[in-house]
Amino acid sequence: MQLVKNFFSRPATRPYPYEQRPPFPEWRGEIAYDAKRCVYCGICANICPANAIHMEEDREHLLIKRVFNSYSCIYCGRCAELCPNRALAMDTGRPGPTLEKSTDVSSSKA
């Protein structure tokens, strides 16, 4: 009897890619980065509690690299709050599904 009832009822889960749940009211979203506004000051790297952002310096080629690992990020929003040029912001979008772990790297001449 239960089998017939379940066969004609709606599924208990959402068909995820096609129907997404609206975010919770206090949800912060993901971090949006605008490389044109970044001055590579390193404040975001110093304040990040999860060490998801770090700066690498290449003295030979006079480059400064900002490396962001989204898999380490806890989305606390501290980097976006303290960024002096608003190069980092909390976006309300959702990150898409991925097949590989990758990091975002941007660089600037020192």
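The structure we're discussing is the one just above.
Calculation notes
Every chain's residues receive numbers from 1 upward, in the order its sequence appears when written. Where totals are concerned, whole chains, interfaces and linings use all residues; where local detail is concerned, this predicted model gives features only for residues with pLDDT of at least 70, and gives and counts side-chain atom pairs only at 80 or more. Side-chain descriptors were evaluated using all non-hydrogen atoms of the structure, hydrogens and water having been removed beforehand. Residues enter a nonpolar core if they are buried and are Ala, Val, Leu, Ile, Met, Phe, Trp, Tyr or Cys, with the set joined through side-chain atoms within 4.5 Å. Burial classes follow relative accessibility: with a 1.4 Å probe on protein chains only, a residue under 20% of its type's maximum area counts as buried, one over 50% as exposed, and anything between as partly exposed. Helix and strand assignments follow DSSP, with helices taken as H or I runs no shorter than four residues and strands as E runs no shorter than two, numbered in order from the N terminus. Any pair of Phe, Tyr and Trp rings, taking the six-membered ring for Trp, is counted once the centres come within 6.5 Å. Such a pair is stacked with planes under 30 degrees apart, edge-to-face with planes over 60 apart, and tilted for the rest. Ring-over charges, as used throughout, are those where CZ of Arg or NZ of Lys falls within 6 Å of the ring centre and within 35 degrees of the ring normal.

Engineer: Help me out: how do you make sense of the nonpolar core in this one?
Structural biologist: Across soluble globular proteins, you tend to see nonpolar side chains buried next to one another. One finds I31, I53, F68, C79 and L88 to be the most contacted residues of the largest nonpolar core, which totals 15 residues. Counting only elements with at least two residues in this core, the list comes to α2 (43-47) and α3 (78-82).

Engineer: I keep staring at the packing of aromatic side chains and nothing clicks. Help me out?
Structural biologist: For any pair of aromatic rings, the description consists of the separation of the ring centres together with the inter-plane angle of the planes. Applying the stated criterion across every chain yields a total of one aromatic pair. Aromatic pair F7 and F8: ring centres 5.1 Å apart, planes at 85°, arrangement edge-to-face. No difference in accessibility class separates F7 from F8, as the two residues are exposed. Between the NZ or CZ atom of R66 and the centre of the ring of Y33, over which it lies, the distance is 3.8 Å.

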